[in-house]
Amino acid sequence: MTVEIVNPATGKVEYRHELLDGSGIEVRLQAAADAFPAWSARSLQGRAGVLEAIAMQLRGRRQDIQQAMTAEMGKLKAEALAEIEKCAQACEYYAGHAADYLQPQQVDTEAHRSYVRYEPIGCVFAVMPWNFPIWQVFRFLAPAFMAGNVALLKHASNVPRCADLILEVVRAGGAPAGVFDVLHIDNDQAAEVLRDRRVKAVTLTGSERAGRSIAANAGEQLKKCVMELGGSDAFVVLDDADMDKTVEAAVKSRFDNSGQTCIAAKRFIVVEAVAEEFTRRFVEAAGQRRHGDPADASTTLAPMARADLRDELHRQVQASVAKGARVLLGGEPIAGTYAGYPATVLDRVGPGMPAYDEELFGPVAAVIRVRDEADALRVANDTRFGLGGSVWTADAARGESFAQHMECGAAFVNSVVKSDARLPFGGSKQSGFGRELAEHGIHEFMNIKTVYVA
Ligand code: NAP
């Protein structure tokens, strides 16, 4: 089957590519299984050397990779280059820290010796999204490599060139054949791959819909899975927040990557005392974002990745407005083939509106006005999602206490929520389960084995 890749900034078909057939999949599955024994037996130092070489390759190919990201999903050039650098640093981080994370843990028992050791499990299947087409992959791949696992990637169907470039840098970095490969396949074929006995586990970053389907399949096969799903992060503004810093962070967190970030601030929960000031200044600052060619340095708001995603976002905006939300900025799609949506701010958002209940995966901010701090916490937790959240206040202790009560995987005080190789990343509630990054991430796809010598 042929798939057409449309550039979201121009509406033109960028190129066409072919999906794999059954024999193409079989060759790659077997190569992964064949590669595992030698790769997992290689010393940690040996695997770290490959990851460090991959980091260099990423930097060396950054221009090609950036161009593919911009052409396939419309990422701003500067954002793409920063993402590639972050991947290189994550490779170096895991190359440097995996030995600590994988140290056997001695445990005092009545045995002569008892300890926990971490063993790789084999081939991990990764199903990844387009929104950070390089970072999402390295976030799972760098720890998987250091764990001694091998990996197969099914990337989102609109970023095949990004997937191929990842494969090129991994090979150029010296990864042996079969240790990593890309499967250009559709979702039915992905379900078959997950059923294959040579695949031991699956990690998905994507929507709830995909999560339900893949987790059900993994459950049927009794295979370990990690689910990194959607979010509707709260951005809570308390009455003593530093308004300059808070507004700047609010705009950055909502509109970078054209709002297509799982941990973007989506619900701006503002206490009544500062609601007028915050909203006025937020609208002013958001209105400065400019659409244009994503490769042009003066563009500050990227197109969305696909026209159908833009149309779905507009449906959510219209349904929220029909239920009483007020449009303070934007709200009308841009005419023509450019798949952009204007920076949009909705005010007076409340329960029953998509802007309150669902994830808005694009440049639309929902302002929810609340009475006080207690009400802010209630609303922050009044969601089926639990990915991240932030709180803004001049009083760090007050912020920390608030953060401890937020029902999510990552609560930040006076900082936008961000991923960092040193800290675990993942969600609670319907935002998923399992963790990536840090020590927790590398252990997800390992056999945590007890050895007991009486
Ligand atoms: P998506 O439609 O779920 O796609 C993600 C990946 O899953 C793609 O590779 C897609 O393949 C595949 N997929 C979809 N349905 C599938 C199925 N039934 N079986 C097997 N594979 C399936 O999500 P998206 O639109 O690309 O990404 C946006 C979502 O991802 C948002 O909800 C966002 O919050 C979430 N996200 C979460 C995190 C996190 O760390 N928690 C990070 C980034 C994004 P095709 O492209 O071929 O359909």
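Residues numbered from 1 in each chain as written. Predicted model: local features only at pLDDT ≥ 70, side-chain atom pairs only at ≥ 80, totals over all residues. Heavy atoms only, no water.

A. The site of the ligand, seen in detail. Close to the ligand lie 29 residues; W130, R139, S207, L229 and E359 are nearest. Taking M128, its main chain carries an N or O atom lying 2.8 Å from an oxygen atom of the ligand. Residue K154 places a side-chain N or O atom 3.0 Å away from an oxygen atom belonging to the ligand. Considering the ligand on its own, with 900 Å² of exposed area, one finds that the protein chains cover 89% of that surface. When contributions to the shell around the ligand are tallied by element, the ones reaching two or more residues are α5 (135-147), β8 (199-205) and α8 (208-221). The element contributing the most residues to the shell around the ligand is α8, with four residues. (Near = heavy atom within 4 Å. Polar contact = N/O pair within 3.5 Å; in protein donor to acceptor, adjacent residues only side chain to side chain. Areas by Shrake-Rupley, 256 points an atom, 1.4 Å probe, with all protein chains shown as cover. Helix = DSSP H or I, 4+ residues; strand = E, 2+ residues; numbered from the N terminus.)

B. Geometry of the nonpolar core. Grouped together as the largest cluster of nonpolar side chains are 95 residues, with contacts concentrated most on I54, L58, F125, F138, F145, V170 and F180. The leading source of residues in this core is helix α4 (residues 77-101), at eleven residues. Each of domain 1 (2-229 + 429-453) and domain 2 (234-413) gives at least three residues to this core. Those residues in contact with F145 that sit more than four places away from it in its chain are W39, R47, L51, I54, V170, A175, V179 and F180. Membership of the second largest hydrophobic core comes to 53 residues, among which are F255, A275, L329 and A380. (Core = buried A, V, L, I, M, F, W, Y, C linked by side-chain atoms within 4.5 Å. Buried < 20%, exposed > 50% of the residue type's maximum accessible area, 1.4 Å probe, protein only. Domains from an automatic or database assignment. Contact = heavy atoms within 4.5 Å.)

C. Local environment of the sheet that holds strand β3 (residues 105-106). Across the sheet, three strands lie side by side as β3-β4-β20; this open sheet has antiparallel pairing. Lying at the two open borders of the sheet, with one neighbouring strand each, are β3 and β20 (446-453). Relative to strand β4 (residues 113-120), β3 is paired through two bridges, and the arrangement is antiparallel. Opposite Q106, over in β4, you have Y115 as the bridge partner. (Pairing = 2+ DSSP bridges.)

D. The arrangement of helix α14 (residues 396-404) in detail. Residues of α14 that are buried include every one of G399, F402 and A403, and no others. For α14, the arc enclosing every buried residue in end-on projection is 100°, short of the 170-degree limit, so these residues lie on one face. Opposite its buried face, α14 presents the exposed residues A397 and Q404, each directed more than 90 degrees away. If you follow the buried residues of α14, they end up packed against β10 (233-237), α13 (373-380), β16 (388-392) and β17 (410-413). A distance of 3.1 Å separates the backbone nitrogen of A397 from a side-chain oxygen at the start of α14, and that oxygen is part of D395. (Arc of directions from axis to C-beta.)

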